[in-house]
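Topology and contacts: notes
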Amino acid sequence: MRAFVIALLMAAAPIYLIGGLPSLSVGSFTGGSRASYETSARDFAHDAIENARSYAMANPQIVDGLKAHHAELQEYRARLCSLVKC
């Protein structure tokens with residue numbers, strides 16, 4: 001279980017790092033394309049959250065495992081943030 005959680009964190013780490021890339025900043029979009037980008041990003045985020053909730057409700061053992069390792073996950077996040085600018 002611990003290896004699974006760490007693998008999930010490693011897969012999610014680039015999401016935090018992409019925010020620092022200037023080529024992907026929201027300011028680079030203008031006019032209608034910016035509004036379209038924001039709308040599609042919002043829809044994608046809502047769908048992802050809904051899918052995550054559905055998966056968590058169908059697999060409560062994963063949620064329990066994350067709760068059990070909460071302190072370790074926070075420590076890992078702190079170490080990861082100390083390596084990169086959070």
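About the cut-offs
- Residues numbered from 1 in each chain as written.
- Predicted model: local features only at pLDDT ≥ 70, side-chain atom pairs only at ≥ 80, totals over all residues.
- Heavy atoms only, no water.
- Helix = DSSP H or I, 4+ residues; strand = E, 2+ residues; numbered from the N terminus.
- Buried < 20%, exposed > 50% of the residue type's maximum accessible area, 1.4 Å probe, protein only.
- Areas by Shrake-Rupley, 256 points an atom, 1.4 Å probe, with all protein chains shown as cover.
- pLDDT = per-residue confidence, 0-100.
- Salt bridge = Lys/Arg side-chain N within 4 Å of Asp/Glu carboxyl O.

It is worth spelling out the overall build of the protein at this point. Counting its regular elements, the protein contains 4 helices and 0 strands. Secondary structure elements of the protein, listed N to C terminal, follow the sequence α-α-α-α. Each of the 86 residues in the protein was classed as buried or not, and the buried ones make up 9%. Accessible area for the protein stands at about 6900 Å²; split by element, carbon and sulfur atoms hold 65% of it.

Let us now look at the confidence of the model for the protein. Here the protein averages 77 in pLDDT, while 74% of its residues score no lower than 70. Ranking the elements of the protein by mean pLDDT puts helix α1 (residues 2–18) last with 70 and helix α4 (residues 70–83) first with 89.

Here we come to the pattern of salt bridges. The tally for this structure, following the rule as stated, stands at 1 salt bridge. Note that glutamate 75 is salt-bridged to arginine 79, the shortest N-O span being 3.8 Å. With glutamate 75 and arginine 79 both in helix α4 and 4 residues apart, the pair spans about one turn of that helix. We classify glutamate 75 as partly exposed; its relative accessible area is 48%.

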